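If you want the building blocks of each chain, they are given just below.
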Amino acid sequence: MAKEASNGDNHAATKPPPTPSPLRNSKFFQSNLRILVTGGAGFIGSHLVDKLMENEKNEVIVADNYFTGSKDNLKKWIGHPRFELIRHDVTEPLLVEVDQIYHLACPASPIFYKYNPVKTIKTNVIGTLNMLGLAKRVGARILLTSTSEVYGDPLVHPQEESYWGNVNPIGVRSCYDEGKRVAETLMFDYHRQHGIEIRIARIFNTYGPRMNIDDGRVVSNFIAQAIRGEPLTVQAPGTQTRSFCYVSDMVDGLIRLMEGENTGPINIGNPGEFTMTELAETVKELINPDVEISMVENTPDDPRQRKPNITKAKELLGWEPKIKLRDGLPLMEEDFRTRLGVPPKK
Ligand SMILES: NC(=O)c1ccc[n+]([C@@H]2O[C@H](COP(=O)([O-])OP(=O)(O)OC[C@H]3O[C@@H](n4cnc5c(N)ncnc54)[C@H](O)[C@@H]3O)[C@@H](O)[C@H]2O)c1
Ligand SMILES: O=c1ccn([C@@H]2O[C@H](COP(=O)(O)OP(=O)(O)O[C@H]3OC[C@@H](O)[C@H](O)[C@H]3O)[C@@H](O)[C@H]2O)c(=O)[nH]1
């Protein structure tokens, strides 16, 4: 029986998960653990697939509509006997027999999630409903990659899981912020009403190789600009803060959450907090000391501060991030230089 690590609410005791598909007990059942990763062709998802595939007891199925992800991120697994890739949009039902669902399908970059806000909230609401319906049908455990954006423009700092947030319900970011909040609500309602085994990760800003070079997020923007010799575009006021987690630490945290006994929500992120100006200065120092730093205008509802309290992750998952920003940025630079065909400076 999963223990609820969330705000300490005493939810009614949940029913046990539904009886699994008869397939599981058939004598021909493969001993492999069958894992669905929605959004697995994306940045975090493809690194998660790499890690899951290292375990020869795992079969991995990726469902992705390639809105922001790419088959290229999974090319080393296509054709592997324990791997399947399905072009599928999670706003449509999916029928597969699986034991675990990592539900990552959702555009993460603000530029992309604002591009089609109605689709973004459909993905978060209808997509999560479809994945919970699948989990109920086959008795799978399901993990949702929620986000620090559920805290909105936080009035509590650092953010801990018991904080309910400060979110604009009708802003240009609401399709994502409120969409993820509804997704969390649906997860807990299926857990309480149908006994579904749920796990909720609140992911903070994550960076690393395979981020879309032009996806508009700050770390990918600054590294691409530094490599190309373009001014680093600090969006005003520049004093706003974020905390950056390297992707391998993130993947480790997600797997520990799935394999553990706590429902969450649990913050997964690196508490190392920087202003955007400090980030730009660090990228300039590490990647291109000649590059200019310019102040440009920002977009509405940009959170002014963000830093995870990761006490629950430490205590309940035995997890904390290992890679510091100054060590992670060069790894991402190497990936971007390779993909952009720009050799390192002599
Ligand atoms: N990277 C971060 O800093 C961050 C922070 C907080 C939360 N998250 C969450 O983690 C997850 C992965 O983020 P990411 O950074 O890898 O983003 P990403 O955009 O690289 O990956 C998202 C993947 O989902 C796919 N997708 C989008 N809509 C879909 C749909 N309707 N049906 C099927 N596939 C769909 C995309 O094609 C892509 O492959 C997302 O749920 C995101 O909200 C990411
Ligand atoms: O070129 C840029 C881009 C962004 N920024 C600033 O950098 C900060 C971070 O912006 P990003 O677009 O990278 O990402 P955000 O922090 O807004 O959202 C991010 O964290 C929460 C996740 O759920 C989202 O999926 C992820 O994209 C913002 O204050 C933004 O104004 C710049 O200063 N320059």
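Predicted, not measured: the structure shown is a model, and the values here were computed from it.

Scoring rules and cut-offs
- Residues numbered from 1 in each chain as written.
- Chains lettered and ligands numbered in written order.
- Predicted model: local features only at pLDDT ≥ 70, side-chain atom pairs only at ≥ 80, totals over all residues.
- Heavy atoms only, no water.
- Helix = DSSP H or I, 4+ residues; strand = E, 2+ residues; numbered from the N terminus.
- Rg over C-alpha atoms; globule rule 2.2 N^0.38 Å.
- Buried < 20%, exposed > 50% of the residue type's maximum accessible area, 1.4 Å probe, protein only.
- Areas by Shrake-Rupley, 256 points an atom, 1.4 Å probe, with all protein chains shown as cover.
- Near = heavy atom within 4 Å.
- Polar contact = N/O pair within 3.5 Å; in protein donor to acceptor, adjacent residues only side chain to side chain.
- Nonpolar A, V, L, I, M, F, W, Y, C, P; charged D, E, K, R; others polar.
- Phe/Tyr/Trp six-rings, centres within 6.5 Å; stacked < 30°, edge-to-face > 60°.
- UniProt positions renumbered as here; feature names shortened; annotations may be inferred.
- Contact = heavy atoms within 4.5 Å.

## Section: the overall build of the chain
Part 1 of the reasoning: If you tally the helices and strands in the chain, you get nine helices and 13 strands.
Part 2 of the reasoning: For the chain, whose C-alpha radius of gyration is 20 Å, the value lies close to the compact-globule estimate of 20 Å for 346 residues.
Part 3 of the reasoning: The dimensions of the chain, computed from C-alpha atoms along their principal axes, are 65 × 45 × 40 Å.
Part 4 of the reasoning: By residue count, 54% of the 346 residues in the chain fall in the buried class.
Part 5 of the reasoning: Carbon and sulfur atoms provide 54% of the accessible area of the chain, an area that totals close to 15,400 Å².

## Comments concerning the site of ligand 1
Part 1 of the reasoning: Neighbouring ligand 1 are 31 residues; Ile44, Asp64, Thr68, Tyr176 and Lys180 lie closest to it.
Part 2 of the reasoning: Phe43 places a polar main-chain atom, nitrogen or oxygen, 2.9 Å from an oxygen atom of ligand 1.
Part 3 of the reasoning: Separating an oxygen atom of ligand 1 from a backbone N or O atom of Ile44 is a distance of 2.8 Å.
Part 4 of the reasoning: Relative to its unbound accessible surface of 820 Å², ligand 1 loses 97% to contact with the protein.
Part 5 of the reasoning: Contributions of two or more residues to the shell around ligand 1 are made by helix H1 (43-53), helix H3 (117-138), strand E5 (141-147) and helix H4 (174-194).
Part 6 of the reasoning: Element by element, the count of residues in the shell around ligand 1 is highest for E5, at three residues.

## Side note on the site of ligand 2
Part 1 of the reasoning: Neighbouring ligand 2 are 22 residues; Ala108, Thr147, Tyr176, Thr233 and Asp302 lie closest to it.
Part 2 of the reasoning: Contacts to ligand 2 include Ala108, whose backbone N or O atom sits 2.6 Å from an oxygen atom.
Part 3 of the reasoning: Take Thr147: an N or O atom from its side chain is 2.5 Å from an oxygen atom of ligand 2.
Part 4 of the reasoning: Here ligand 2 loses 95% of its free accessible area of 660 Å² to cover by the protein chains.
Part 5 of the reasoning: Mapped onto the shell around ligand 2, the elements with two or more residues apiece are helix H5 (218-228) and strand E8 (232-235).
Part 6 of the reasoning: Grouping the amino acids of the shell around ligand 2 by side-chain chemistry returns seven nonpolar, nine polar and six charged.

## A few points about the packing of aromatic side chains
Part 1 of the reasoning: Applying the stated criterion to the full structure yields six aromatic pairs.
Part 2 of the reasoning: Centroid distance Tyr113 to Tyr176: 4.1 Å. Interplanar angle 5°. Geometry classified as stacked. Residue Tyr113 is located in helix H2 (residues 110-115), and its partner Tyr176 is located in helix H4; the two are separated by 63 residues in the primary sequence.
Part 3 of the reasoning: Taken together, a centroid distance of 6.0 Å and an interplanar angle of 15° make the contact between Tyr151 and Tyr163 stacked. Here Tyr163 lies in the loop between E5 and H4 and Tyr151 lies in the loop between E5 and H4, a separation of twelve residues in the sequence.

## Comments concerning the UniProt feature "domain: NAD(P)-binding" (unreviewed entry) in the chain
Part 1 of the reasoning: Mapped onto the present numbering, the UniProt feature "domain: NAD(P)-binding" (unreviewed entry) falls on residues 36-330.
Part 2 of the reasoning: Between the C-alpha atoms that bound residues 36-330 the distance is 32 Å, and the span itself is 37% helix and 18% strand.

## What about the environment of Glu149?
Part 1 of the reasoning: Counting through the fold element by element, Glu149 comes out in the loop between E5 and H4.
Part 2 of the reasoning: Between the alpha carbons of Glu149 and Asn65 there is a distance of 23 Å; along the sequence they are 84 residues apart.
Part 3 of the reasoning: When sequence neighbours within four positions are dropped, the list of residues in contact with Glu149 reads Tyr113, Val167, Arg173, Tyr176, Asp177, Pro303 and Arg306.
Part 4 of the reasoning: Here Tyr113 takes part through its side chain, which lies 3.1 Å from a polar atom of the side chain of Glu149.

## Re H1
Part 1 of the reasoning: Where burial is concerned, most of H1 is hidden: ten out of the eleven residues are buried.
Part 2 of the reasoning: Three or more residues of H1 are buried, namely Phe43, Ile44, Gly45, Ser46, His47, Leu48, Val49, Asp50, Leu52 and Met53.

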